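# Notes for the structure review
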Amino acid sequence: MHYEVKCTSCKKAFKLSEGEEQYKQLKERKSRLFYCEDCKHKIRFDAIRNFFSNY
């Protein structure tokens, strides 16, 4: 089973498959912010780059 949600960042629709962490959050209504794989990667990369630029 899967759900289709919109990425909070780029607004593109993507599917959440059963077993993923975001799928669990959707079912439990713990989070309303969902990110596609591309945006998750960009956010993670920016956070790492920002962390190391401070040193």
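Everything quoted here is computed from the prediction, not taken from an experiment.

## Comments concerning the environment of C7
Here C7 lies in the loop between β1 (2–6) and β2 (13–17). On the basis of relative accessible area, C7 is assigned to the buried category, the value being 1%. The spatial distance from the C-alpha of C7 to the C-alpha of E37 is 9.3 Å, given a sequence separation of 30 residues. Those residues in contact with C7, other than ones at most four positions away along the chain, are K12, F14, F34, Y35, C36 and C39.

## Brief notes about helix α1 (residues 21–28)
Of all the positions in α1, only Q22, Y23 and L26 are classed as buried. Within α1, the buried residues cover an arc of 105° as seen down the axis, which keeps them to one side. Considering only its buried residues, α1 is in contact with β1, β2 and α2 (37–53). With its phi angle positive at about 55°, R29 sits one or two positions after the end of α1.

## What to know about the pairing of β1
Direction of pairing for β1 relative to β2: antiparallel, over a ladder of 5 bridges. If you follow Y3 over to β2, its bridge partner there is L16. Counted along the chain from β1 to the antiparallel partner β2, the turn is 6 residues long, and its residue K11 has a positive phi close to 70°.

What counts and what doesn't
- Residues numbered from 1 in each chain as written.
- Predicted model: local features only at pLDDT ≥ 70, side-chain atom pairs only at ≥ 80, totals over all residues.
- Heavy atoms only, no water.
- Helix = DSSP H or I, 4+ residues; strand = E, 2+ residues; numbered from the N terminus.
- Buried < 20%, exposed > 50% of the residue type's maximum accessible area, 1.4 Å probe, protein only.
- Contact = heavy atoms within 4.5 Å.
- Arc of directions from axis to C-beta.
- Pairing = 2+ DSSP bridges.

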